[in-house]
Each structure stands twice: as structure tokens, then as C-alpha cells.
2 protein chains.
Amino acid sequence: MRWGRYTADGNETYGLIEGDTLADVEGSPFGQWTRTGATRELAETRLLAPVMPRTFYAAGLNYAEHVMAVANERGETPSLPEAADIGYRAINSISGPGDAIVIPADAGEEIQYEAELVAVIGRQAKHLTAENCLDCVLGYTIGNDVSERGWQRRDRTLWRAKNTDTFAPMGPWIETAFDLASAETVVRLNGRETIRFPTASTIFSLADFLVRMTRYVTLYPGDVIWLGTEGKSENMKAGDVCEIEITGIGTLSNPVVREG
Amino acid sequence: MRWGRYTADGNETYGLIEGDTLADVEGSPFGQWTRTGATRELAETRLLAPVMPRTFYAAGLNYAEHVMAVANERGETPSLPEAADIGYRAINSISGPGDAIVIPADAGEEIQYEAELVAVIGRQAKHLTAENCLDCVLGYTIGNDVSERGWQRRDRTLWRAKNTDTFAPMGPWIETAFDLASAETVVRLNGRETIRFPTASTIFSLADFLVRMTRYVTLYPGDVIWLGTEGKSENMKAGDVCEIEITGIGTLSNPVVREG
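Just so we're clear, the structure is a prediction, and the values are computed from it rather than from any experiment.

Within chain A, residue pLDDT values average 95, and 100% of them lie at 70 or more. With a pTM of 0.95, the predicted complex shows an ipTM of 0.92.

Here's what the structure looks like:
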């Protein structure tokens, strides 16, 4: 099942994506819902980020080659994280599929994509176990954790390096039937493939995070957990289009512009 | 003007606190509102956290003696932050005035309060200037940035050290007419004063944060900015009551319990 979010009659609403068609729904995937019977053309509908979370969790370092790449760039000795310690991001940074990634005028040249699998929480949960933890997950979408590497190296926190407005495109929709084990994450910059990796090759699994987080933290419907990226990214510049595909989910595509 | 948030007829609503009385309002301080004419006794109304923010910003290190205390505890050389770089917290950690601070069963003994002034954003804002930046602030409340120091020292992020459920009590209300220059922050543990400091003696002012943040980040109505704490805190244990007073706002009081 694929859930898309869009604006209809001035209200944000959810619908079911079925091939080229979007079936209108009353309610939402986070509660009761019924089909209204109305449908619309997917190609003519501007999809929004599939959810505005209550809390935007982000795993940060969660793929081994990315940990190495980050350490190399900083001239540090790489060390893998020892526990599934989650981080946080700001809601303002979220934008939707097709929305422009807007580079601030005073940003440097090292504006890089990070292709991430995103888990969307469907129901309130605490004290999850390894056996039941995935039951609270509604589905999966794709995130581009856009990063300004100069700010990332120099600032005391990641605030503008990763949380500038438009630096967290998310979408295109929530896929509820996703086979993580067989999935690949692929990045294409202007149509050229720049990286491909097994989506599941994380240091900590989603289950590791869910079990550890919910010993202390209540998850709520709509919360998102971004699960990190692999490898070393390339720079993006104004005029580029960055596409992130996760097989079995779809493709998140965003153009890049720079503030005048 | 003092805005309180509470539950009436099953709905969360705002009212105006006037002495011992709460005047019901239709609407909210973040938009249009009118008095309904109904009133209730403040003493008989359970106030909630005065806002559930879209993004929960936190300044972190923003008072010089606290920076020294944190560095000393870690055996590091203290260095003051050089720029107003903001951080983020998780919404799940927020609770209201009077709500219990619940220490997880496996937490250590170093559970400490941090008394913080909180600015509540009233309207959407970007690219603020030093001259106009405070216009977007609706008012001020009080936050207790409860911290488990062992986890704070050892974990890769602050996730459970500061974002465990109930570790961010906020309230008791939003005061719109607050004179920061003359305000003092006072902490009392079981009625005994443990620290008192001038609320305004921050390294970076709220204006510094607002101007720097909004070069990159859009602020939204209901966002909160926690402005840091001063000095060294004491441990709290089950059975304690922690009160934080900021003169001109009020007192945030929370009992402490430990999970069985």
C-alpha cells in the first residue's frame, strides 16, 4: 500500500497511490480511514512530504563506509558507534518530492546529498521488544539529508549544516509493503549514478533503534526515523537534479537552486 | 498577559490567567482569539505544558559558569562557544507543570535539574534583524532541562540523557510582559534554594540566536527556544520536589519519582 499526501480543496489530505491513480481517502493512515470513491491522476497531483513528524529522529552515523569517509575528511581516526544512540533534527528543514533544495547565498561549495531510508511510525509505542518492535512501523519513505560540509566541520552543532530550510526533502510516499533485505539505495546526480548500496547494510538495524529508543522514549504516530547513509557523497550545485531511489519504495527527486 | 493551556470538555484549549481566575478563550495566542465570557478557578485547573512546539530548539551551553562546571566534570579545559549555534530536542520529553519527572529504573544517581528561560515564538519569521527580531516572540515560560549526567558523558548523543520521557517539564504558563533585564532565575529543591542567577547573564542573547538562526531557518508559531542554564546543578532523587522560579514569570514545580 502506498500513501501519498497532497492538498485538496485547501486541506492537506492522504490518498492511496494505485498505479497512475490516487484514490482519495477520508481519514489518515495513522487512524481510521475509508475511500471516498473519488480518484485523481497521480501525474497531475503535487505530492507533499508524506508526513510532518512530531519528532524528527536521525541515526547519523550508521553505515561503515560513511563513518570512514567522514573521519577521513576530518583527518580523524574512524571509530564505529558502539550503541544505537539516536539524534534529532528540526521540522523546518523538511520539504517534499520535487521541491527545490535551496542553497543559502553564503553557503560553500560542498553541498552534498545523503540518501537515507526513513521509517514512519504508525502508532504510539514504548518498551518495544525485538519480537514486536516493527509492528509500530507504518511504512517507509526516502530522505535526502542535505549537508553543507564546511558548516558541518566548523559549527558546534549540525543546526545549519543539516537543518537549513529545504535541507531535508522526504518522499515521494509511504510504502507499507517494503522488503528491506532485497532493497538497494541508488543516487543519481543529473541522471548519472554516483553510488549504489544495499539499504540493509547498516551498523544498527531499525529494530536495534526501536528497542533501545523505546526503553526511554515514547514514539508517536507520524514520528520519523532517518536511518543514515553509506559511502562518500559528491557535491551538488545550482541546476543539478538529485534523485534517490530505494528499490521497492520509489524515487525522491529534487532540483537544486542557490539563493541570489 | 498570561496564557495557560488546559483541557476542557476533552479538548486542549488556552485561557487567560488573571489573578486566581482563568478566563476561557476561543482561539489561541498564535492566531485570532476572543474571550468566551466563562471563567474558572486557576487552583482547580490542571495546567498543561503551555505549548507543544513544532520544533524544540535548545541553546545548550549559554552561561559561562555552567560551561566551566561541565568542562570541570569532564576533566576538559573549558572553552566558551564562539557562535550562537542552536541545538534540537525531542517533543516526547515535554511534560507540564506539576507532572512527575520519572527517572528510568536503570538510570544512575546523577539526575540533575537545569533551570532555563524559554522563549515561545508567536509568528512565522525568517531573516530577522537585531532591530525587529523580538517582534516574533509571543512570550516566555520556564523549562527544566532534566539531565542524567552519566548518559550525558558516555552516550554519543544527548538522546536519553536529556530526552527521556518527562525530562523536559515546561510551564507553568506563557508570560507576554516579561522584563528580562531585571529577572532572576531561582532553583529550590524541597524548598531549599540551591542557585540564583541573573536570567539575562547569557553568553548569547535571545536576539543573537534569533538573528543567526533565521538566516537559514524559518521559525513557526509555537516553536520554543530554551536558552540554557547557569552554574552547577545538584542531584535530584525520588521524593524530591524541584521548583524553578523566574521572577516576573512564575514557578515551575515538579515532583520526582523513580520507575519501579
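Moving on: the relation of the copies chain B and chain A. With an RMSD of 0.0 Å, the operation that places chain B on chain A is a rotation of 180° combined with a shift of 0.0 Å along the axis. Between the two chains, the operation in question is that of a two-fold axis. Using C-alpha coordinates, one finds that chain B approaches the rotation axis most closely at B:Tyr88, a distance of 3.0 Å. Most of the interface of chain B is mirrored in chain A: 100% of its interface residues are interface residues there too.

Time to look at the interface of chain B and chain A. Facing 24 residues of chain B, the contacting portion of chain A comprises 24 residues. Taken together, the elements giving at least two residues each to the side of chain B that touches chain A come down to strand 6 (87-89) and helix 3 (159-163) of chain B. Here the residues of the side of chain B that touches chain A sort into 10 nonpolar, seven polar and seven charged.

All names here are of chain B. With respect to topology, five strands assemble into an open sheet ordered 8-18-17-14-15, the strand pairing being mixed. Here the strands that pair on one side only, and so sit at the sheet edges, are strand 8 (101-103) and strand 15 (192-198). Taking each pair of neighbouring strands and ignoring which way they run, the sheet shows an average axis angle of 20°. Taken together, the six bridges between strand 14 (residues 184-189) and strand 15 define a ladder with antiparallel strand orientation. Within strand 15, the position partnered with arginine 188 by the bridge is glutamate 193.

Among all positions of helix 4 (residues 206-213) of chain B, only B:Leu206, B:Phe209, B:Leu210 and B:Met213 are buried. End-on, the buried residues of helix 4 of chain B take up no more than an arc of 95°, which puts them together on one face.

To continue, consider the domain arrangement of chain A. Residue and element names in this part refer to chain A. As assigned here, chain A comprises domain 1 (1-46) and domain 2 (49-258). Taking only C-alpha atoms, the centre of domain 1 and the centre of domain 2 are 25 Å apart. Of the residues lining the interface, eight residues belong to domain 1; the matching set on domain 2 comes to 13 residues. A breakdown of the residues in the side of domain 1 that touches domain 2 according to their chemical character gives five nonpolar, one polar and two charged.

Rules used in this analysis
- Residues numbered from 1 in each chain as written.
- Chains lettered and ligands numbered in written order.
- Predicted model: local features only at pLDDT ≥ 70, side-chain atom pairs only at ≥ 80, totals over all residues.
- pLDDT = per-residue confidence, 0-100.
- Least-squares fit on C-alpha atoms with pLDDT ≥ 70 in both.
- Contact = placed C-beta atoms within 7 Å.
- Helix = DSSP H or I, 4+ residues; strand = E, 2+ residues; numbered from the N terminus.
- Nonpolar A, V, L, I, M, F, W, Y, C, P; charged D, E, K, R; others polar.
- Pairing = 2+ DSSP bridges.
- Axes fitted to C-alpha atoms, helices over the stretch in contact; angles between N-to-C directions.
- Buried ≥ 20, exposed ≤ 12 C-beta atoms within 10 Å, placed from the backbone.
- Arc of directions from axis to C-beta.
- Domains from an automatic or database assignment.

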